[in-house]
Amino acid sequence: MEWGWSEEFPGLRGVSRDPEARSRRLREWLSPWENWRCEAEEFVSAGEFVVVLTRYTGRGKESGVTVDTKGAHLWTMRNGKAVRLVVFSSREKALEAAGLRG
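As the structure is a computational prediction, the values presented were derived from the model and not from experiment.

Caption draft 1: Spatial organisation of the overall build of the protein chain. Summing up its helical and strand segments, the protein chain has 2 helices and 6 strands in all. The linear arrangement of helices and strands in the protein chain, starting from the amino end, is β-β-α-β-β-β-β-α. Relative to the compact-globule value of 13 Å for 102 residues, the protein chain shows a C-alpha radius of gyration of 14 Å, a close match. Expressed along its principal axes, the backbone C-alpha trace of the protein chain runs to roughly 40 × 30 × 20 Å. For the protein chain, the residues scored as buried account for 33% of the 102 residues in total.

Caption draft 2: Quick look at the pattern of salt bridges. Overall, the coordinates contain 8 salt bridges when judged by the stated rule. Bridged by salt links that share partners, the residues Glu41, Arg55, Asp68 and Arg91 form one connected network.

Caption draft 3: Structural context of the pairing of strand S5 (residues 66-78). Alignment of strand S4 (residues 49-60) against S5, held across 11 bridges, turns out to be antiparallel. Bridge assignment links Phe49 to a residue of S5, and that residue is Thr76. Hairpin remark: S4 followed by S5, antiparallel, with 5 residues in the connecting loop; positive phi at Gly64, about 75°. One ladder, built from 7 bridges, connects S5 with strand S6 (residues 81-88); its direction is antiparallel.

The rules behind the values
- Residues numbered from 1 in each chain as written.
- Predicted model: local features only at pLDDT ≥ 70, side-chain atom pairs only at ≥ 80, totals over all residues.
- Heavy atoms only, no water.
- Helix = DSSP H or I, 4+ residues; strand = E, 2+ residues; numbered from the N terminus.
- Rg over C-alpha atoms; globule rule 2.2 N^0.38 Å.
- Buried < 20%, exposed > 50% of the residue type's maximum accessible area, 1.4 Å probe, protein only.
- Salt bridge = Lys/Arg side-chain N within 4 Å of Asp/Glu carboxyl O.
- Pairing = 2+ DSSP bridges.

Right, dumping it as structure tokens:
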């Protein structure tokens, strides 16, 4: 399976099939957070795509600042299996990438 981040995430953007590269990027993303949570709020089906509207919450390790924001995951499905995941901070951009807006 391929997965990664949209162009909205400088330094992390790009999709990879390499499990070590994906794991390294995920560790990099999570490292400044004391806790980080992603919850699915809604699932939107569009042909081979499923857009999962998400809510992200967390607290920075050093700053103690809390985050509560919305985003989206764009899943590409083939024969009932997930083959690609792209993480978006913008729900609108994820919906556009699935051909649902714009």
